[in-house]
Amino acid sequence: MIFMTTSFWKALNSKHHGLTAGLLNIILPLFVLLPVIFSSCSKDPVNIGIGLLPDDDFIDILSTDTISVRAYTMYDESSLSSDSTRMIAGGIYDEYFGTTYCDFVTQLRLMNPWPHYDFVVDSVLLYFTPDEVSGDTTAIHYIELWETGTELTDTTDFYSAQDPDTITFLGEYLMPVLTADSTYAVKLNNSVGEYLLRDTTQFLPASNFYKDYFRGIYFGVRSVDNPVLITMYSVQESFGIIIYYHDETDEDHSYSFVATNRAVNYNRFTHDRSTAAPDKQILHINDFVPDTAVYLQAYHGVYTRLDLPSLEQFRDELTASSTYTSPGISVNKARLYLPVHLDEDTYTEKEMPSQIYLRYRDSEDNEILVPDHVHGLSFMDGTYYSADDRYVFNIATFVQYYLEGKIDSPSVELFLPLTAEKNVIFKANGNDPSITFDFAYTIY
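Presented here is an overview of the structure given in this document.

**Looking at the nonpolar core**
Then step 1. Val 399, Phe 426, Phe 437 and Phe 439 are the most contacted members of the largest nonpolar core, which has 65 residues in total.
Then step 2. Filtering out sequence-adjacent residues up to four positions away, Phe 426 remains in contact with Thr 292, Ala 293, Val 294, Leu 296, Thr 304, Leu 338, Pro 339, Val 340, Ile 356, Tyr 391 and Leu 414.
Then step 3. Val 121, Phe 128, Ile 241 and Ile 243 belong to the second largest nonpolar core, which has 40 residues in total.

Structure representation (structure tokens):
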């Protein structure tokens, strides 16, 4: 059954600043803009910093790093699943990354007070409207439904690999062939409706229903062969259950339970990298081996970590120098250039995600967006430039904060928003071309 979605729920319910001593004797301040290119291992970093400063303010910066930008592929099971506006279910396959499985848990909310009739359940339908559909929609897929026992609150942290607290199995049902922006009705067992209506005194107050009586519902997809992936948006009230019943006078009624825009939900993402093609599997994850390729995966999968050890050495030398008083340095430019791997098959220009985000971790391992994001996405950039086959990031504010001691570590992490479905492979660590860091600053 296919319906338009607008307002159908209610219708169905109607029934830095010091100067050095040398500079104090100069009438006009001396401002020098000095660029440093921190690039791949083809650059000799031993003399990084030599000749960067005026003779009067010379700081001898040496480095023992073999490369100036170190890139690694990382994975973290405890990544927060914080975007509650989307409900994602199904799977996606990539011959490099393997298989990703997605499912979600959400609250169901009451749309109207219970009318207090004696009743007999006639039928139960699950309604859902996928806003985005990808994968093999014509293959055989099954919807799995469970009741969950943990209360869902706005103040509770949920993690991407967190198993749902399933307590009551509500059945497995054949999924119809899907297209985006159509509403589908899947007939559920009448026992689901009888279970939801087993004690209607729990419907008053309405909050008691989702806090204590029926705390959440798990929605998963089991694919027999090729996976399918669907995304729904809570703001559109695109998921719910309607029970059709008749009262003691044989009059027909319906009653709805809906995942409204006020409902709390979280997505779970699990990754099976063993299903990747044997010759394309990711070899180094969390082992800090500087492979010539690093990986970035959608749906809280592997991510890319970039370390700037030469920047750390630079700050240490600046703060240790007797001729430098913080914050006498101004970062004029700090840009990362990340070339991508294109194979003209799985990875092509048109498949590149439109936006990549940057974050860093504080001393307590909290994930925080780089401060450049405050100025807007256009300032931070993170977009793909097809002319050069690379992504570009502006991290001038991040570097400024790091040099001032406001950020602990010169490391950033690339991650994809939930709007992205495609993965990215970057050339790194001695590859040609490789990741580079362009840095320019002024001493004053």
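So that's the structure; there's more coming.
**Details of the side chain of Asn 265**
Then step 1. Along the chain, Asn 265 falls in strand E16 (residues 265-272).
Then step 2. You can call Asn 265 buried: its relative accessible area is 4%.
Then step 3. One polar contact links the side chain of Asn 265 to the main-chain carbonyl oxygen of Ser 84, over a distance of 3.1 Å.
Then step 4. With sequence-adjacent residues up to four places away left out, Asn 265 is seen in contact with Ser 84, Arg 86, Met 87, Val 105, Thr 106 and Ser 234.

**Regarding unusual backbone geometry**
Then step 1. Omega for the bond connecting Leu 204 with Pro 205 falls within 30 degrees of zero, at 0 degrees, which places this linkage in the cis form.
Then step 2. For Pro 205, the position within the fold is in the loop between helix H3 (190-196) and helix H4 (206-213).
Then step 3. With an omega of 5 degrees, the peptide bond between Asp 432 and Pro 433 qualifies as cis.
Then step 4. Secondary-structure assignment places Pro 433 in the loop between strand E25 (424-427) and strand E26 (436-443).
Then step 5. Positive phi, normally seen in glycine, also occurs at Asp 250, with a value near 70 degrees.
Then step 6. Structurally, the position occupied by Asp 250 is in the loop between strand E14 (239-247) and strand E15 (252-258).

**What about the pattern of salt bridges?**
When the charged atoms of two side chains lie near each other, side chains of opposite charge can form a pair.
Then step 1. The final tally for this structure, using the stated rule, is 17 salt bridges.
Then step 2. In this structure, the salt-bridge partner of Asp 163 is Arg 268, at a minimum N-O distance of 2.8 Å. Placement of the pair is Asp 163 in the loop between strand E9 (141-148) and strand E10 (166-174) and Arg 268 in strand E16, with a sequence separation of 105 residues.
Then step 3. The class for Asp 163 is exposed, based on a relative accessible area of 57%.
Then step 4. Asp 365 is the partner of Arg 361 in a salt bridge, and the nearest nitrogen-oxygen pair spans 3.4 Å.
Then step 5. The class for Asp 365 is partly exposed, based on a relative accessible area of 45%.
Then step 6. Linked by salt bridges that have partners in common, Asp 76, Arg 359, Arg 361, Asp 365, Glu 367 and Glu 413 make up one network.

**Re a nonpolar patch on the surface**
Then step 1. Judged by side-chain polarity, Ile 140, Leu 174 and Val 224 come together as a nonpolar surface patch covering roughly 270 Å² of accessible area.
Then step 2. Relative to the assigned elements, Val 224 resides in the loop between strand E12 (216-223) and strand E13 (228-233).

Analysis parameters
Residues numbered from 1 in each chain as written. Predicted model: local features only at pLDDT ≥ 70, side-chain atom pairs only at ≥ 80, totals over all residues. Heavy atoms only, no water. Core = buried A, V, L, I, M, F, W, Y, C linked by side-chain atoms within 4.5 Å. Buried < 20%, exposed > 50% of the residue type's maximum accessible area, 1.4 Å probe, protein only. Contact = heavy atoms within 4.5 Å. Helix = DSSP H or I, 4+ residues; strand = E, 2+ residues; numbered from the N terminus. Polar contact = N/O pair within 3.5 Å; in protein donor to acceptor, adjacent residues only side chain to side chain. Salt bridge = Lys/Arg side-chain N within 4 Å of Asp/Glu carboxyl O. Patch = residues over 30% accessible without salt bridge, like charges linked within 9 Å, V, L, I, M, F, W, Y side chains within 5 Å. Areas by Shrake-Rupley, 256 points an atom, 1.4 Å probe, with all protein chains shown as cover.

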